[in-house]
Amino acid sequence: NAGVTQTPKFQVLKTGQSMTLQCAQDMNHEYMSWYRQDPGMGLRLIHYSVGAGITDQGEVPNGYNVSRSTTEDFPLRLLSAAPSQTSVYFCASSSLKNHGAGNEQFFGPGTRLTVL
Amino acid sequence: LAKTTQPISMDSYEGQEVNITCSHNNIATNDYITWYQQFPSQGPRFIIQGYKTKVTNEVASLFIPADRKSSTLSLPRVSLSDTAVYYCLVGDMDTGRRALTFGSGTRLQVQP
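A. Region of the structure containing the overall build of chain A. In terms of helices and strands, chain A carries 0 helices and 11 strands. The N-to-C order of helical and strand elements in chain A reads β-β-β-β-β-β-β-β-β-β-β. In summary, chain A has a C-alpha radius of gyration of 14 Å against a globular reference of 13 Å for 116 residues, a match within 12%. The dimensions of chain A, computed from C-alpha atoms along their principal axes, are 45 × 30 × 25 Å.

Written out as structure tokens, the structure is:
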């Protein structure tokens, strides 16, 4: 199993450009989420999904869109990049099959994004 | 969503036991308590999860008092490789409250 994979690892954008961060998991997890982590800070939840076709907003959703057309993939779209979106982005997935205990989130390696 | 409060940083020496306490005063009945570890330039990694009393695995122990308004992560005999940021999360992914949020975490520095 590859676990959670993210592409690209690094990206530099100019203000106003758009792009999609890719996230895929091969563990058949229902739950997937996107976090951003600014330097020296904790992770903040952007969007999450509990299954194909179902998404919801987290703490900081503005400027980001998501969709979940398959169980495996959960791309994050930046519509018009701004310098404030410079951050490291982590994707995570989890099973929802076990009540409470066992719902460990597995994280990808992250995408380091710089917006100039 | 239940908010958590942790110390910003802690220092320890190799071989010592480290206890990190997390406060979660408004924890809900269905909420579980989960701890993650994060090394620089990596995603967080699951350490331990519990609902009440004590949970132990090969890495750590988690102590949860009866009122569940706080929890303590215990790392026995830390080594330099335990230097990391530790996050406490409270939530329940089996109900509609599925948005799990991370706090600022506790930065643990282990000295030789």
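B. Here's a closer look at the overall build of chain B. Scanning chain B for helices and strands turns up 0 helices and 9 strands. If you list the helices and strands of chain B from N to C, you get β-β-β-β-β-β-β-β-β. At 14 Å, chain B has a C-alpha radius of gyration in line with the 13 Å of a compact globule built from 112 residues. Across its three principal directions, the C-alpha atoms of chain B cover 45 × 30 × 25 Å. A sequence separation of at least 24 residues applies to 56% of the contacts in chain B between residues at least 6 apart.

C. Spotlight on the environment of B:R77. All names here are of chain B. Among the structural elements, R77 can be located in the loop between β7 (70-75) and β8 (84-91). Residues R77 and P65, 12 residues apart in the sequence, show an inter-C-alpha distance of 23 Å. When residues no more than four places from it in sequence are discounted, the contact partners of R77 are G15, Q16, E17 and D82.

D. Seen up close, the pairing of strand β2 (residues 18-23) of chain B. Residue and element names in this part refer to chain B. Of the two faces of β2, only one is covered, namely that formed by V18, I20 and C22; the face formed by N19, T21 and S23 stays uncovered. As judged from the 6 bridges shared by β2 and β7, these two strands associate in the antiparallel manner. Each bridged residue has a counterpart across the sheet, and for V18 the counterpart in β7 is L75.

E. How the structure looks around the sheet that holds strand β6 (residues 61-64) of chain B. Residues and elements named next belong to chain B. The strand order across the open sheet built from 4 strands is β2-β7-β6-β5, with neighbouring strands paired in antiparallel fashion. Strands at the two margins of the open sheet, each flanked by one partner only, are β2 and β5 (53-56). This sheet shows a mean twist of 15° between the axes of neighbouring strands, independent of strand direction.

F. Quick look at the environment of A:L45. Mapping A:L45 onto the fold places it in strand β5 (residues 43-51). The spatial distance from the C-alpha of A:L45 to the C-alpha of A:T111 is 15 Å, given a sequence separation of 66 residues.

G. Highlighting the pattern of salt bridges. Residues and elements named next belong to chain A. Within the structure shown, the criterion is met by 2 salt bridges over all chains. Between R36 and D38 there is a salt bridge whose closest N-O contact spans 2.8 Å. According to the relative accessible area criterion, R36 is buried, its value standing at 8%. For D38, a relative accessible area of 16% translates into the label buried.

H. Layout of the state of the cysteines. All names here are of chain A. Per the stated rule, a full pass over the model turns up 2 disulfides over all chains. The residue that forms a disulfide with C23 is C91, at a sulfur-sulfur distance of 1.8 Å. Measuring the twist about the S-S bond at about -70°, one finds the C23-C91 disulfide to be left-handed. Taken together, the residues span a long stretch of sequence, with C23 in strand β3 (residues 19-25) and C91 in strand β9 (residues 87-94) at a distance of 68 residues. Given a relative accessible area of 2%, C23 falls into the buried group. Taking the relative accessible area as the measure of exposure, C91 reaches 0% and is therefore buried.

I. Just unusual backbone geometry, in detail. Of the consecutive residues A:T7 and A:P8, the connecting peptide bond is found in the cis state with omega at -5°. Looking at the element boundaries, A:P8 is found in the loop between β1 (4-7) and β2 (10-13). Positive phi outside glycine occurs at B:S41, with the angle close to 65°. Here B:S41 lies in the loop between β3 (32-38) and β4 (45-50). Note on B:S41: relative accessible area 62%, which makes it exposed.

What counts as what
- Residues numbered from 1 in each chain as written.
- Chains lettered and ligands numbered in written order.
- Predicted model: local features only at pLDDT ≥ 70, side-chain atom pairs only at ≥ 80, totals over all residues.
- Heavy atoms only, no water.
- Helix = DSSP H or I, 4+ residues; strand = E, 2+ residues; numbered from the N terminus.
- Rg over C-alpha atoms; globule rule 2.2 N^0.38 Å.
- Contact = heavy atoms within 4.5 Å.
- Buried < 20%, exposed > 50% of the residue type's maximum accessible area, 1.4 Å probe, protein only.
- Pairing = 2+ DSSP bridges.
- Axes fitted to C-alpha atoms, helices over the stretch in contact; angles between N-to-C directions.
- Salt bridge = Lys/Arg side-chain N within 4 Å of Asp/Glu carboxyl O.
- Disulfide = S-S within 2.5 Å.

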